[in-house]
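The primary structure of each chain is shown beneath.
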Amino acid sequence: MTDMPVYMHFLFSALSTVGFSVFLNAPVSSLLPAGITGGIGWAIFFYLMKISSNSILANFVAAAVVSTLSEILARKLKQPAILFVIPGIILLVPGLGMYNTMLYLVQKNYDLAISTGADVLFVGGAIALGVLVITSLARTISIFKLKKKAAK
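Let me begin by describing the structure that accompanies this report. (Residues numbered from 1 in each chain as written. Predicted model: local features only at pLDDT ≥ 70, side-chain atom pairs only at ≥ 80, totals over all residues. Heavy atoms only, no water.)

**Some details on the overall build of the protein chain**
Threshold: Each helix is a run of DSSP H or I of at least 4 residues and each strand a run of E of at least 2, with the numbering of both proceeding from the N terminus. What makes two residues a contact is simply this: any of their non-hydrogen atoms within 4.5 Å. In these tables, accessible area is a Shrake-Rupley quantity obtained with a 1.4 Å probe, and a residue counts as shielded only by the protein chains included in the view. We treat Lys and Arg as the positive residues and Asp and Glu as the negative residues; His and chain ends play no part in the count. For the purpose of locating charges, the reference atoms are NZ of Lys, CZ of Arg, CG of Asp and CD of Glu.
When its secondary structure is counted, the protein chain shows six helices and zero strands. Along the chain direction, N to C, the helices and strands of the protein chain fall in the order α-α-α-α-α-α. Here the C-alpha coordinates of the protein chain stretch approximately 65 × 30 × 30 Å along the principal axes. In the protein chain, the proportion of contacts linking residues at least 24 apart, taken out of those at least 6 apart, comes to 64%. When the accessible surface of the protein chain is totalled, it reaches about 9300 Å², and 73% of it is carbon and sulfur. Here the protein chain contributes 11 positive and 4 negative side-chain charges, whose respective centroids are spaced 27 Å apart.

If you want it as structure tokens, here you go:
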């Protein structure tokens, strides 16, 4: 990680998230909230990596926060949550790890390939699990609210 302050990480990641949102044809009204969501997610990831160096935990927590913010924004802005989740978690995807895994395989350095590949799989699983847990929780709460409303 670089020695930039956290607010610079937030700024650049928010801009990157807006760029991914534009690339994915998101509505203009969702660009700023998506950028803030991605910036917060990356800042949390950066901070957790700085204090713990545990990439799996950092990615899980950051993905869960991005998913939580996305669910909240989806209800407030009356947009699908996917508009905020996908651009927000793209920054967390371990692209360099995937590249290095393939590089080590091509170079026939199988020990490093297995080690790096396993880390990439665990990080990817942590990101998916972070989104899955929050999305499932949000849907469960929504179902309970609908049942409670129908009972009245």
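**Brief notes about unusual backbone geometry**
The backbone of Asn25 shows a phi angle near 60 degrees, a positive value even though the residue is not glycine. Not every positive phi belongs to a glycine, and Lys108 is a case in point at roughly 60 degrees.

**Quick notes on the side chain of Glu71**
The criterion, for reference: The rule is simple: take the accessible area with a 1.4 Å probe, protein chains only, and divide by the maximum for that residue type; under 20% is buried, over 50% is exposed, in between is partly exposed.
Here Glu71 lies in helix 3 (residues 55-77). When its relative accessible area of 10% is taken as the criterion, Glu71 is described as buried. Residues contacting Glu71, with those up to four places away along its chain left out, are Ala81, Ile134, Thr135 and Ala138.

**Regarding the nonpolar core**
The nonpolar side chains of a soluble globular protein tend to be buried, and buried together. In plain terms, the rule: Residues belong to a common nonpolar core when they are buried Ala, Val, Leu, Ile, Met, Phe, Trp, Tyr or Cys residues joined through side-chain atoms within 4.5 Å.
One finds Trp42, Phe45, Ile89, Leu92 and Ile127 to be the most contacted residues of the largest nonpolar core, which totals 16 residues. Broken down by secondary-structure element, the contributors of at least two residues to this core are helix 2 (31-52), helix 3, helix 4 (82-90) and helix 6 (110-151). Per element, the largest residue contribution to this core is five residues, and it comes from helix 2. Sequence-distant contacts of Ile127, defined by excluding residues within four places in its chain, comprise Asn59, Ala63, Ile89, Leu92, Val93 and Pro94.

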